[in-house]
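# Topology and contacts: notes
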Amino acid sequence: MKNNLSTQSVTGDFPMQRFSVAPMLDWTDRHCRYFHRLMSKEALLYTEMVTTGAIIHGKGDFLAYNEEEHPLALQLGGSNPIDLARCAKLAQERGYDEINLNVGCPSDRVQNGMFGACLMGEAELVAQCVTAMRDVVDIPVTVKTRIGIDDQDSYEFLKDFIHVVSEKGGCDNFTIHARKAWLSGLSPKENREIPPLDYPRVYQLKQDFAHLTMAINGGIKTFEEMEEHLKHMDGVMVGREAYQSPYLMAEVDQRLFGSERPVMKRREVVEAMYPYIEKQLANGSYLGHITRHMLGLFQSMPGARQWRRHISENAHKPGAGIEVVQQALDKIPAHLDV
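Predicted, not measured: the structure shown is a model, and the values here were computed from it.

Within this structure, the stated rule accounts for 15 salt bridges. Ionic pairing is found between Arg201 and Asp198, a salt bridge with its closest N-O pair at 3.4 Å. Judged by relative accessible area, Asp198 falls into the partly exposed class, the value being 22%. Overlapping salt bridges bring together Glu224, Glu227, Glu251 and Arg255 as one network.

Mean pLDDT over the protein chain stands at 93; residues scoring 70 or higher make up 95%. Note on residues 1-6: pLDDT under 50 across the span, and 16 contacts to partners over four residues away in sequence or across chains.

What follows covers helix 1 (residues 30-39). Counting buried positions along helix 1 gives nine out of ten residues, so the element sits mostly inside the fold. All of the buried residues in helix 1 are His31, Cys32, Arg33, Tyr34, Phe35, His36, Arg37, Leu38 and Met39. Near the N-terminus of helix 1, the side chain that reaches the backbone nitrogen of His31, with its oxygen 3.1 Å away, is that of Asp29.

The next subject is the pairing of strand 7 (residues 173-177). Of all five residues in strand 7, five are buried; the element is thus mostly enclosed. Here strand 6 (residues 141-145) pairs with strand 7 via three bridges, running parallel. Residue pairing for strand 7: Thr145 is matched across the bridge by Ile176. With helix 6 (residues 155-167) bridging strand 6 and the parallel strand 7, this β-α-β connection has right-handed handedness. Across five bridges, the pairing between strand 7 and strand 8 (residues 213-217) is parallel. Within strand 8, the residue paired with Ile176 across the bridge is Ile216.

Moving on to the packing of aromatic side chains. Aromatic rings in a pair are described by how distant their centres are and how their planes are angled relative to each other. For the coordinates displayed, the defined rule picks out five aromatic pairs. Ring geometry for Trp27 versus Tyr243: centroids 6.3 Å apart, planes at 65°, classification edge-to-face. Taken as a pair, Trp27 in the loop between strand 1 (19-21) and helix 1 and Tyr243 in helix 10 (residues 240-244) lie far apart in primary sequence, 216 residues in all. Given the relative accessible area of 8%, Tyr243 is considered buried. Here the aromatic rings of Tyr34 and Tyr276 are separated by 3.9 Å at their centres, their planes lie at 15°, and the arrangement is stacked.

Okay, the pairing of strand 6 next. Burial within strand 6 is extensive, with five of its five residues counted as buried. Because side chains alternate across strand 6, one face comprises the buried residues Val141, Val143 and Thr145, and the other comprises Thr142 and Lys144, equally buried. Where strand 5 (residues 98-103) and strand 6 come together, five bridges link them in parallel fashion. Considered in strand 6, the bridge of Asn100 is made with Thr142.

Calculation rules
- Residues numbered from 1 in each chain as written.
- Predicted model: local features only at pLDDT ≥ 70, side-chain atom pairs only at ≥ 80, totals over all residues.
- Heavy atoms only, no water.
- Salt bridge = Lys/Arg side-chain N within 4 Å of Asp/Glu carboxyl O.
- Buried < 20%, exposed > 50% of the residue type's maximum accessible area, 1.4 Å probe, protein only.
- pLDDT = per-residue confidence, 0-100.
- Contact = heavy atoms within 4.5 Å.
- Helix = DSSP H or I, 4+ residues; strand = E, 2+ residues; numbered from the N terminus.
- Polar contact = N/O pair within 3.5 Å; in protein donor to acceptor, adjacent residues only side chain to side chain.
- Pairing = 2+ DSSP bridges.
- Right-handed = clockwise from strand over helix to strand, strands pointing away.
- Phe/Tyr/Trp six-rings, centres within 6.5 Å; stacked < 30°, edge-to-face > 60°.

Here it is in structure tokens:
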């Protein structure tokens, strides 16, 4: 069992949260995380949100991951302190590096289960949940939240929430999505796009809670933007950009962590995936479940459209194997050193 109690990055010079990839339902599965880990040794990776009910009562193994994915955080959805503590303990036993409580997801299904963003209005309960988990694990217990919900979107509301959860719950590590959430009237997708970003509010929060570790999330796309945020915050969390243009992961260690390792080329990334793909296919996985995470690797490059099309049209076919990816890679002009 791997049990990394450190909150430092692989190099030890920065906090793990300096760069992380946001948890995203139906996307950041173990195939996606393995793919991202090939390109960055330093990035903190998150599971999709997993509910306590799924872990405790579900028939599948909702805590499965590849050993290569560390450092890896489990994001939990729930609001029952006893259940959360039970799941946190199981996660530590399985070797996870961090437990993160979801206080940011605005979907109806999540609200009906009394967790996600609606918990922003229940700071005392969130504190109880964090305390219950911290009492049974040694690894960090963190919280991902929004800057407000519905009409509860004043700075004082946000400040009070952080104060209660940090002082009463003992949480010293937060990721703040710099948008509020509308709990009714907007879909989860719209909640990621329509409420305006308010980075200054998050910066102010870090100033007022300088002793806490805080990362910022929401609309971050470029390294220039990340570097600007890192002048104010301890970390940045990137979401959709890491899925749509995954090759940005290849420069994370060099740009943000001072690594001197060579940046992997795109072809090298694809070829490095071959052993993993073959192993997963042998274990019964479908090729398309793996390659869907790789479609954006050649974004804006010559041959990118042909790469995507070949995989999209062939990876789902019965018996599709590694040759589909090899043929797709042949669509990228051979003279390009990418």
